[in-house]
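# Tertiary structure, described
So you can see what is in the structure, the chains are spelled out below.
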Amino acid sequence: MISSDLFPYVAGLAVIATAAYWLSSQRPNLSSIPAVGPTGLISSYVGAYDYLRNAPKVLQRGYNKYKSSVFRVPYYDKWVVVVSSPQLVDDLRQSKDEDLSAILGFGQVFAAPWTLGRGFIDSDYHTKVIQSAMTRSITARFIDIRDEVAAAFEDEIKLPGDDWVAVPALGTILRVISRASNRLFVGLPLCRDPDYQLLAVSFSMGVMTSAKKINLFPNFLKPLVGPWLTNLPRDLERAKKHLVPIIEERLRLEEEHGPNWAERPNDLISWLLEYAKGEERTPHMLTQRMLIVNFLAIHTSANSFTQALFHLAQGPEYVEPLREELEAAIAEEGWTKSAMGKCIKLDSFLRESQRYTGASAVNINRIVVNPNGFTFSDGTHIPHGTFMAAATHATHHDDQNYENPDEFDGFRFAKMRGNDEDRESIKFQMVTPDVKYLSFGLGRHACPGRFFAVNELKLMLAYILQHYDVKLEGPRPPTEWFGTLAAANRSAKVEFRKRQT
Ligand code: HEM
Ligand SMILES: *[C@@H]1O[C@H](CO)[C@@H](O)[C@H](O)[C@H]1NC(C)=O
Ligand SMILES: *[C@@H]1O[C@H](CO)[C@@H](O)[C@H](O)[C@H]1NC(C)=O
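Residues numbered from 1 in each chain as written. Chains lettered and ligands numbered in written order. Predicted model: local features only at pLDDT ≥ 70, side-chain atom pairs only at ≥ 80, totals over all residues. Heavy atoms only, no water.

As named in an unreviewed UniProt entry, the protein chain is Cytochrome P450, taken from Mycena sanguinolenta. Per UniProt, the protein chain has the following entry under Cofactor (unreviewed entry): "heme". (UniProt positions renumbered as here; feature names shortened; annotations may be inferred.)

As structure tokens, then:
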């Protein structure tokens, strides 16, 4: 890491270099797209600074003004074209990879070449693994995940008597999610190994911290500063200590018995090996891929769950109906995935929480890769190289999309699912994205981990409802914004006590 006293100098250099870049002719010509904020060379920096500090407000201004089309906002390293109309968001959904690249968009947001490794942009085969083998295994591995959620909460939340105990929310949830996810990814005993657990959490959060810093620099400087601002090499070495012996053993057994040997563990290492080709099969690259999936799974889910926990702690009126529904479902189905499927209010509560306080003001990050640009269905033309995103937060808080959008209504989607015939339908379920609900993205590249994430979050909320009472002292802890990224408050505590009723 760059020491903090050097940082202002490096940042100063970056500003000068960026000015040079903005003057250069390589930038896409976006003069026909209306801009929010100043567009001059120096003044757009003021705009970018404003955007970094007030992204949701700036986006809201653009959204209100250009609701039926697109607008652009200045970011430090680029202009971002923001799509606000549902019709045009649907164009994003239908777009092809040859026109709009999701992986390059994702790669830029997370400064992937430095934070996740070069291999991330070259191949995203883990996406196929998550879509197919991992998602298929949720039913079979459900009881394991439930077991790990229970064990993790027991270890994390110690309640000797009947009194309230204040528990740091995000930190606790991160560790529970690290264990629950890794029960699926690597199984016992590694998912409980303290060093591995800590590594999974610190790597996930570290990617976010590093990406925020690296993205203050223009693209051509990123290769220079990226290596100094990432923990990847250090974390990779640490992860290898845990994973390489297991991976080598797997490769050996596969060599011996063929790819589908009888006692092959049903875990992420096996699933990755089903799809990995060539260099991706080395223990080094497989370890890196394991870290990538840990990153994708942990920071997102922990953020989402912590926000939901704040909502629960502030909404005692939700507790009884959620418990009743849960107990009825468990009585009928046991602790299974289908029991979770019956918990319509629980699903609604988590979906509403993600609607209300998502992890980002914009989603569906795409870069125009077609050399001829991309043309929306209303004729708006976007040149090659442009970075685009949909205005998630503004969409989620638009009163044309939701009644009283600025009110948290935990059972909003349960009510929308309505009468008995519609209750089994997938519409308005948390796993189902639509143009008004963008927390998991939309279309071909919508989050493939959402089926696992939703089950995991439901199990966690179910465990809390069954075993604890929760409350918050004081108002809802404010969300921590950095540019478009929204993180659940890091320092806030939630009070837990043994369930009394
Ligand atoms: C509540 C938790 C989660 C949230 C809110 C979330 C959100 C997202 C979003 C917004 C995208 C971008 C979609 C788009 O651009 O259209 C995405 C992509 C992705 N997510 Fe998630 N995610 C979560 C959990 C997970 C988990 C648990 C995994 C893996 C086990 C995962 C793996 C991925 C992958 C591989 C992609 C890239 C898909 C592609 O480009 O085709 N996510 N996620
Ligand atoms: C950008 O495009 C507009 C037309 O949309 C044109 O008038 C202008 O000259 C172009 N600017 C540059 C720098 O190419
Ligand atoms: C997080 O919440 C605590 C109180 O719960 C508050 O003191 C702190 O300012 C919040 N952090 C941010 C960055 O808003």
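## Regarding the coordination of the iron atom of ligand 1
Among protein residues, the single donor to the iron atom of ligand 1 is Cys447 (SG), with a metal-donor distance of 2.2 Å. Of note, Cys447 is situated in the loop between helix H20 (420–423) and helix H21 (450–467). (Donors = N, O, S within 2.8 Å, 3.2 Å for Na, K, Ca; no water. Helix = DSSP H or I, 4+ residues; strand = E, 2+ residues; numbered from the N terminus.)

## Examining the sheet that holds strand S2 (residues 79–83)
Across the sheet, which stays open at both edges, the 5 strands sit in the order S1-S2-S8-S5-S3 with mixed pairing between neighbours. Each of the sheet's edge strands pairs with one partner strand only, and the pair in question is strand S1 (70–74) and strand S3 (100–101). Pairing analysis gives 3 bridges linking strand S5 (residues 363–368) to strand S8 (residues 387–390), with the strands arranged antiparallel. Bridge pairing in S8 places Ile367 opposite Phe387. (Pairing = 2+ DSSP bridges.)

## What to know about the site of ligand 3
Lining the immediate surroundings of ligand 3 are Pro477, Pro478, Glu480, Asn489, Ser491 and Ala492. The side chain of Asn489 places a nitrogen or oxygen atom 2.4 Å from an oxygen atom of ligand 3. Look at ligand 3: alone it shows 360 Å² of surface, and the protein chains cover 44% of it. Here the residues of the shell around ligand 3 sort into 3 nonpolar, 2 polar and 1 charged. (Near = heavy atom within 4 Å. Polar contact = N/O pair within 3.5 Å; in protein donor to acceptor, adjacent residues only side chain to side chain. Areas by Shrake-Rupley, 256 points an atom, 1.4 Å probe, with all protein chains shown as cover. Nonpolar A, V, L, I, M, F, W, Y, C, P; charged D, E, K, R; others polar.)

## Remarks on the site of ligand 1
Around ligand 1, a shell composed of 25 residues is seen, among which Gln354, Arg366, Ser439, His445 and Cys447 lie nearest. Contact between ligand 1 and Leu442: an oxygen atom at 3.3 Å from a main-chain N or O atom of the residue. In this structure, His445 approaches ligand 1 through a side-chain N or O atom, which is 2.6 Å from an oxygen atom. Elements supplying a minimum of two residues to the shell around ligand 1: helix H7 (125–136), helix H14 (283–314), S5 and H21. The element best represented in the shell around ligand 1 is H14, accounting for 5 residues. Looking at the shell around ligand 1 residue by residue, the class counts come to 13 nonpolar, 11 polar and 1 charged.

## Here's the deal with the nonpolar core
One finds Phe153 and Phe496 to be the most contacted residues of the largest nonpolar core, which totals 91 residues. When residues in this core are grouped by element, the largest group, 12 residues, is from H14. Apart from the residues within four sequence positions on either side, Phe496 is in contact with Ile157, Leu159, Asp163, Trp164, Val165, Val167, Leu309, Ile464, Tyr468, Asp469 and Val470. Formed by 38 residues, the second largest nonpolar core is a distinct cluster that contains Ala55, Tyr63, Val73 and Leu485. (Core = buried A, V, L, I, M, F, W, Y, C linked by side-chain atoms within 4.5 Å. Buried < 20%, exposed > 50% of the residue type's maximum accessible area, 1.4 Å probe, protein only. Contact = heavy atoms within 4.5 Å.)

## With respect to empty space enclosed by the protein
Evaluation of the coordinates by the stated rule reveals 6 cavities of 30 Å³ or more. Approximately 50 Å³ is the volume found for the largest cavity. Per-class residue counts for the lining of the largest cavity are 2 nonpolar, 3 polar and 4 charged. (1 Å grid on protein atoms, 1.4 Å probe; cavity = no way out; pocket = protein on both sides within 12 Å on 5 of 7 lines; lining within 4 Å. Points joined across faces, edges and corners; volume = space filled by probe spheres on them.)

## Notes on the sheet that holds strand S9 (residues 468–471)
Ordered in space as S4-S12-S9, the 3 strands form an open sheet in which the pairing is antiparallel. What marks the edges here is a single partner per strand, and that holds for strand S4 (165–168) and S9. On average, each strand axis in the sheet is inclined to that of its neighbour by 40 degrees, with strand direction left out of account. As defined by bridge partners, S4 adjoins strand S12 (residues 493–498) across 4 bridges and the pair is classed as antiparallel. Residue pairing for S12: Ala166 is matched across the bridge by Glu495. Its contacts with the sheet put H21 on S9 and S12, and the angle it makes with S9 is roughly 100 degrees. (Axes fitted to C-alpha atoms, helices over the stretch in contact; angles between N-to-C directions.)

## Examining the pattern of salt bridges
Side chains that differ in sign of charge can pair as their charged atoms come close. Per the counting criterion, the structure on display carries 35 salt bridges. A salt bridge links Asp144 to Arg183, with the shortest nitrogen-to-oxygen separation between them at 3.6 Å. Of this pair, Asp144 sits in helix H8 (residues 138–156) while Arg183 sits in helix H9 (residues 169–185), and the two are 39 residues apart along the sequence. By relative accessible area, which is 23% here, Asp144 ends up partly exposed. Residues Asp347 and Lys458 are paired through a salt bridge, measuring 3.0 Å at the closest nitrogen-oxygen approach. Here Asp347, found in helix H17 (residues 344–356), pairs with Lys458, found in helix H21; they are 111 residues apart in sequence, far enough to count as distant. Classification of Lys458 by relative accessible area gives buried; the value is 6%. Linked by salt bridges that have partners in common, Arg141, Asp144, Asp147, Glu148, Asp155, Arg179, Arg183 and Arg192 make up one network. (Salt bridge = Lys/Arg side-chain N within 4 Å of Asp/Glu carboxyl O.)

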